[in-house]
Amino acid sequence: MSSTHAPRHFLRDDDLSPAEQREVLELGLAFHDDRFVRTPLAGPRGVAVIFDKPSTRTRASFSVGVAELGGYPLVIDSQTSQLGRGEPVADTARVLGRMCSAIVWRTFGQELVEEMAAFSSVPVVNALTDAFHPCQILADLMTVAQHRGGVGSLPGTTLTYLGDAANNMANSYLLGGVTAGMHVRVAGPEGYLPDPAVVADAERIAAQTGGSVLVTTDPDVALAGADVLATDTWVSMGQEDEKGEREAPFVPYAIDAAALAKAADDAIVLHCLPAYRGKEISADVIDGPQSVVWDEAENRLHAQKALLTWLLERS
């Protein structure tokens, strides 16, 4: 099914302008209130959902989401496809674009989703790469909006991310957070800080939205008065063999009761999951009253349905 004009893609958080991000988040909240408010994939039209990495939330949310939009989720494990045997990404894109209405890919290098998008006639969505996790950030922003009084409450809110600040979540919090007009603070140990190019992009966006960027190695500075605290596992997929050496530098950046006490009294806590209680987050915090991680996990479904609907309407 070829498009008549170039499709819109979502490969990194700043592929949406501030106004466009607001539209997607508002639509996500509408899907939260009525899961069948829109069915743009009725037919059913197919969406290819490709996995190069293990997944629980991404697989469940895109599979269920595409079905609830009226479509058919064509879930492809790359190991059992020609893509996994070396078929060029460009060739895969050309074929899937003629059969599917969108392509969703969870993979390794950011350059892979960029190549898929370059040759695809339908929208391509980054469902996680080593560089960015933009669908997760849409869900996170939607969760903050839910608990703070709507999407209009996001500008001026302070969001602090602690831990491995060199990973895809840190990069996406920077870009997605400032696009929403938030004050984004990212704290991690030396050697685990965000890509300077991403920080520069975030600072440029913040100058337009009234947001701000702070990158620091001091967790106390990052925590002081923050409205939202976020973290992620210290050992990302593919780094399991480095578990021992990786954990030690991050211990001061754990979100526990002491860390939570330094934030705003009504701060909420995010974790994209899977979580390791007693490591990056304590059990009493993730299972406590200020944790919104289960709403956050559910909102992957609603935010991604909104994103797909929005992209399809513009493609």
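The preceding data block contains the structure.
What counts and how
Residues numbered from 1 in each chain as written. Predicted model: local features only at pLDDT ≥ 70, side-chain atom pairs only at ≥ 80, totals over all residues. Heavy atoms only, no water. Helix = DSSP H or I, 4+ residues; strand = E, 2+ residues; numbered from the N terminus. Rg over C-alpha atoms; globule rule 2.2 N^0.38 Å. Buried < 20%, exposed > 50% of the residue type's maximum accessible area, 1.4 Å probe, protein only. Contact = heavy atoms within 4.5 Å. Areas by Shrake-Rupley, 256 points an atom, 1.4 Å probe, with all protein chains shown as cover. Polar contact = N/O pair within 3.5 Å; in protein donor to acceptor, adjacent residues only side chain to side chain. Pairing = 2+ DSSP bridges. Axes fitted to C-alpha atoms, helices over the stretch in contact; angles between N-to-C directions. Right-handed = clockwise from strand over helix to strand, strands pointing away. Phe/Tyr/Trp six-rings, centres within 6.5 Å; stacked < 30°, edge-to-face > 60°. Lys NZ or Arg CZ within 6 Å of the ring centre and 35° of its normal. Disulfide = S-S within 2.5 Å.

(A) Local environment of the overall build of the protein chain. Across its full length, the protein chain carries twelve helices and nine strands. Relative to the 2.2 N^0.38 estimate, which gives 20 Å for 315 residues, the radius of gyration of the protein chain is 19 Å and therefore close to what a compact globule would have. Principal-axis analysis of the C-alpha atoms places the extent of the protein chain at approximately 55 × 40 × 35 Å. Within the protein chain, the fraction of its 315 residues that count as buried is 58%. Across the protein chain, contacts joining residues at least 24 apart in sequence account for 76% of those joining residues at least 6 apart. A total accessible area of about 12100 Å² is found for the protein chain, and carbon and sulfur atoms account for 53% of it.

(B) View of the environment of S55. Within the secondary structure, S55 sits in the loop between strand 1 (46–51) and helix 2 (57–68). For the pair S55 and S153, spaced 98 residues apart in the sequence, the C-alpha separation amounts to 31 Å. A polar atom in the side chain of S55 sits 2.9 Å from the backbone nitrogen of R59.

(C) Seen up close, the sheet that holds strand 2 (residues 72–77). In spatial order, the strands read 2-1-3-4; together these four strands make up an open sheet with parallel pairing. Each edge of the open sheet carries a strand with a single partner, namely strand 2 and strand 4 (124–126). When the angles between neighbouring strand axes are averaged without regard to direction, this sheet yields 20 degrees. Relative to strand 2, strand 1 runs parallel, the two being bridged by six bridges. Bridging from a neighbouring strand, V47 pairs with P73 of strand 2. Together, strand 1, strand 2 and strand 3 (102–106) form the strand contacts of helix 3 (residues 89–99), whose direction differs from that of strand 3 by roughly 140 degrees.

(D) Region of the structure containing the sheet that holds strand 5 (residues 158–162). Spatially, the five strands line up as an open sheet ordered 7-6-5-8-9, and their pairing is parallel. Each edge of the sheet is formed by a strand with only one pairing partner; in this case those strands are strand 7 (212–216) and strand 9 (268–271). Here the average twist between neighbouring strands, direction ignored, is 20 degrees. Direction of pairing for strand 5 relative to strand 6 (residues 183–187): parallel, over a ladder of five bridges. Across the sheet, T158 pairs through a bridge with H183, a residue of strand 6. Packed onto the sheet, helix 5 (residues 134–148) meets strand 8 (228–231) and strand 9 and runs at close to 160 degrees relative to strand 9.

(E) Representation of the pairing of strand 1. Across the six residues that make up strand 1, a large majority, six, are buried. For the crossover from strand 1 across helix 2 to strand 2, the handedness is right-handed. Relative to strand 3, strand 1 runs parallel, the two being bridged by five bridges. Looking across to strand 3, one finds that V47 is bridged to A102.

(F) Structural detail: the packing of aromatic side chains. Applying the stated rule across the entire model yields three aromatic pairs. Consider the rings of W234 and F250, whose centres lie 5.9 Å apart with planes at 25 degrees: the pair is stacked. Taken together, the positions of W234 in the loop between strand 8 and helix 9 (243–247) and F250 in the loop between helix 9 and helix 10 (257–262) put the pair 16 residues apart, joining distant regions of the chain. Given a relative accessible area of 4%, W234 falls into the buried group. Through pairs of rings, three or more aromatic residues link up here, namely Y192, W234 and F250. For K305, the ring lying beneath its charged end belongs to F36, and the centroid distance is 5.6 Å.

(G) A look at the state of the cysteines. On inspection of all chains with the given rule, the structure shows zero disulfides. No disulfide involves C100; its nearest neighbouring cysteine sulfur is the one of C135, lying 17 Å away. Between C135, a free cysteine, and C272, which holds the nearest cysteine sulfur, the sulfur-to-sulfur gap is 13 Å.

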